[in-house]
Amino acid sequence: MVGRTMIKVLEERNFPVSQLIPAASERSAGKEIIFKGKPVKVVSVMEAVEAAPVFAIFSAGASTSKEWAPAFALKGTVVIDNSSAWRMDENVPLVVPEINSHVLKKGDRIIANPNCSTIQMVMALAPLHRKYRISRLVIATYQSVTGTGVKAVTQMENERCGINGEMAYPYQIDLNCFPHAGSFLDNGYTTEEEKLVDETRKILEDQTIQITATVVRIPVIGGHSEAVNVEFEKDFHIDDVRFLISQFPGVIVYDNPAENKYPMPIYAHNRDEVFVGRIRRDLSRGKCLNLWIVSDNIRKGAATNAIQIAEFMYAKKLF
């Protein structure tokens, strides 16, 4: 799902592509995709490596990235990887361009695209952290099954039509939700929850932020939603918070409870913006804020962010 959307975003944003080299497993080599209205033949990954492209944008899982990203890098290709393989490598930048493009430099050959749920959250938090300093985050996510891929979406659609088919999850998706995304760790948390902790600290460049998270899958396709409780070191005025968030590039404040206006996945679907609403003080504790954050996890949460990284590096000639 992400790979197809990356190609769509390249077209939409008119990225200067002189040659597109779609690569896939051996069984898919020889097939064709359509790019800018013309058929383009899919090649093997080895063929793509030998072509030594300027950029290689990966969305094929951590094991594939671990195997092939270094091969591209040795050819001088800049790899932008959408998997978890390189995100916490201290020598690999983890980038949301609106926030920390300053960490990118000429000579970087592997760049990590953050997890979708992390990207949308830090987009809303970055301007607040700069002014008030975040001390603690309590996060609950409501994540679209699209984050698991086509197989999960098909399972949900089959369930809605009464069709018995292949299962992406051991449980029914439709009319259900379950607190399980990623793999369970020995400490009781999941890998998806761990990503929210580790990646947020790295992107915001602050290892002191205390973070706890619960990740939940829900039967929607439009995007991920997050309820985030933020505790700051400094106190704030709620109007200033709204202003800071609204002025941050790529973020829209959509928040008017009197008119039942608040972000939902159906609004975020197929859009690149991060939507923030239900902005209010936590009345149970000082210097605390509640936010509701929604974004299309396939777009800004994955494909668009990766293309934005390539755009920045191209514009700055960091390749």
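Predicted model, so just to flag it, every value in this text is computed and none were measured.

Thresholds applied
Residue indices begin from 1 for each chain and proceed along its sequence in written order. Local features in a predicted model are, by the rule used here, given only for residues with pLDDT of at least 70; side-chain atom pairs are given and counted only at 80 or more, and totals for whole chains, interfaces and linings are based on all residues. Hydrogens are left out, water is left out, and the side-chain values use all remaining heavy atoms of the structure. Helix numbers and strand numbers start at the N terminus; a helix is a DSSP run of H or I with at least 4 residues, a strand a run of E with at least 2. In this description the radius of gyration comes from C-alpha coordinates, and the expected globular size is given by 2.2 Å times residues to the power 0.38. Each residue gets one of three labels from its accessible area relative to the maximum for its type: buried under 20%, exposed over 50%, partly exposed in between, using a 1.4 Å probe on protein chains only. To define a nonpolar core, start from buried Ala, Val, Leu, Ile, Met, Phe, Trp, Tyr and Cys residues and group those joined through side-chain atoms within 4.5 Å. Contact definition: two residues touch when any of their heavy atoms are within 4.5 Å. A pair of strands is treated as paired once DSSP finds two or more bridges between them. Axes here refer to lines fitted to C-alpha atoms; in helices the fit is confined to the stretch in contact. Angles between the N-to-C directions go from 0 to 180 degrees. The rule for a salt bridge is simple: a side-chain nitrogen of Lys or Arg has to be within 4 Å of a carboxyl oxygen of Asp or Glu. Each aromatic pair joins two rings of Phe, Tyr and Trp (for Trp, the six-membered one) with centres within 6.5 Å, and gets the label stacked for planes under 30 degrees apart, edge-to-face for over 60, and tilted for any other angle. Note on criteria: charge over ring means Lys NZ or Arg CZ within 6 Å of the ring centre, with the direction from the centre no more than 35 degrees off the ring normal. Here, the arc refers to the directions that run from the helix axis to the C-beta atoms. Candidate patch residues must exceed 30% relative accessible area and have no salt bridge, after which like charges are joined if within 9 Å and Val, Leu, Ile, Met, Phe, Trp or Tyr side chains if within 5 Å. Accessible surface is estimated by sampling points in the Shrake-Rupley manner with a 1.4 Å probe; for residues, cover comes only from the protein chains shown.

**Q** Could you clarify how one ought to interpret the overall build of the chain in this entry?
**A** Broken down by element type, the chain carries 10 helices and 13 strands. Taken over the C-alpha trace, the chain has a radius of gyration of 20 Å; the compact-globule value for 319 residues is 20 Å, and the two agree within 12%. On the principal axes, the C-alpha backbone points of the chain span a range of 60 × 55 × 40 Å. The buried share of the chain, taken over its 319 residues, is 49%.

**Q** What am I meant to see in the nonpolar core here?
**A** One broad rule of soluble globular proteins: the nonpolar side chains tend to lie buried together. Formed by 54 residues in total, the largest nonpolar core has its most connected members in Leu 137, Val 230, Val 276, Leu 289 and Leu 291. The dominant element in this core, judged by the number of residues it contributes, is helix 5 (residues 116-132), at 9 residues. Setting aside residues no more than four positions away along its own chain, Leu 289 makes contact with Leu 128, Val 228, Asn 229, Val 230, Phe 232, Phe 236, Ile 238, Val 241, Ile 279, Arg 280, Arg 281 and Asp 282. Leu 20, Val 40, Ile 111 and Ile 298 belong to the second-largest nonpolar core, a separate cluster that totals 23 residues.

**Q** What is the right way to look at the sheet that holds strand 10 (residues 224-232) in this model?
**A** Strand order in the open sheet made by the 6 strands is 9-8-10-13-12-11, with mixed pairing throughout. Looking at the sheet topology across the chains shown, the edges are occupied by strand 9 (210-218) and strand 11 (251-253). Across the sheet, the axes of successive neighbouring strands diverge by a mean angle of 20 degrees, strand direction being ignored. Its contacts with the sheet put helix 5 on strand 8 (134-144), strand 10, strand 11, strand 12 (274-281) and strand 13 (288-295), and the angle it makes with strand 10 is roughly 25 degrees. Against the sheet, helix 8 (residues 238-247) touches strand 11, strand 12 and strand 13, its axis set at about 170 degrees to strand 12.

**Q** Which parts of the structure should I look at to understand the pattern of salt bridges?
**A** Should the charged atoms of two oppositely charged side chains come close, the side chains can pair. The final tally for this structure, using the stated rule, is 16 salt bridges. Between Asp 255 and Arg 242 there is a salt bridge, with its nearest N and O atoms 2.7 Å apart. One end of the pair, Asp 255, is in the loop between strand 11 and helix 9 (265-268); the other, Arg 242, is in helix 8, and 13 residues separate them in sequence. Overall, the relative accessible area of 15% leaves Asp 255 in the buried class. If you follow the salt bridges from partner to partner, you end up with Glu 12, Asp 272 and Arg 299 in one network.

**Q** Where do I start with the packing of aromatic side chains in this structure?
**A** Aromatic ring pairs are defined here through the distance separating the ring centres and the angle between the ring planes. The full count for this structure, using the stated rule, is 11 aromatic pairs. Ring centres 5.4 Å apart and planes at 55 degrees place the aromatic pair Tyr 142 and Trp 292 in the tilted group. Of this pair, Tyr 142 sits in strand 8 while Trp 292 is found in strand 13, placing the two residues 150 residues apart along the sequence. Overall, the relative accessible area of 31% leaves Tyr 142 in the partly exposed class. Each residue in the set Phe 15, Phe 55, Tyr 314 and Phe 319 is aromatic and connected to the rest through ring pairs, giving one cluster. A cation over a ring is seen here: Lys 66 above Trp 86, with NZ or CZ 4.1 Å from the ring centre. Its guanidinium or amino end placed over the ring of Phe 236, Arg 281 lies 4.1 Å from that ring's centre, counting from NZ or CZ.

**Q** Please explain helix 1 (residues 2-12) as it appears in this structure.
**A** Note that an α-helix has 3.6 residues per turn; residues three or four places apart therefore point the same way. Every buried residue of helix 1 is listed here: Val 2, Thr 5, Met 6, Val 9 and Leu 10. One side of helix 1 carries all its buried residues, which in axial view fall inside an arc of 145 degrees. Along its buried surface, helix 1 packs onto strand 2 (32-35), strand 5 (55-58) and helix 10 (299-315). One or two steps after helix 1, the chain reaches Asn 14, where phi turns positive at roughly 50 degrees.

**Q** Looking at this model, I keep getting lost on a nonpolar patch on the surface. Mind explaining?
**A** There is a patch of nonpolar side chains on the surface, built from Val 54, Tyr 314 and Phe 319 and spanning about 260 Å² of accessible area. For Phe 319, the location among the structural elements is in the segment after helix 10.

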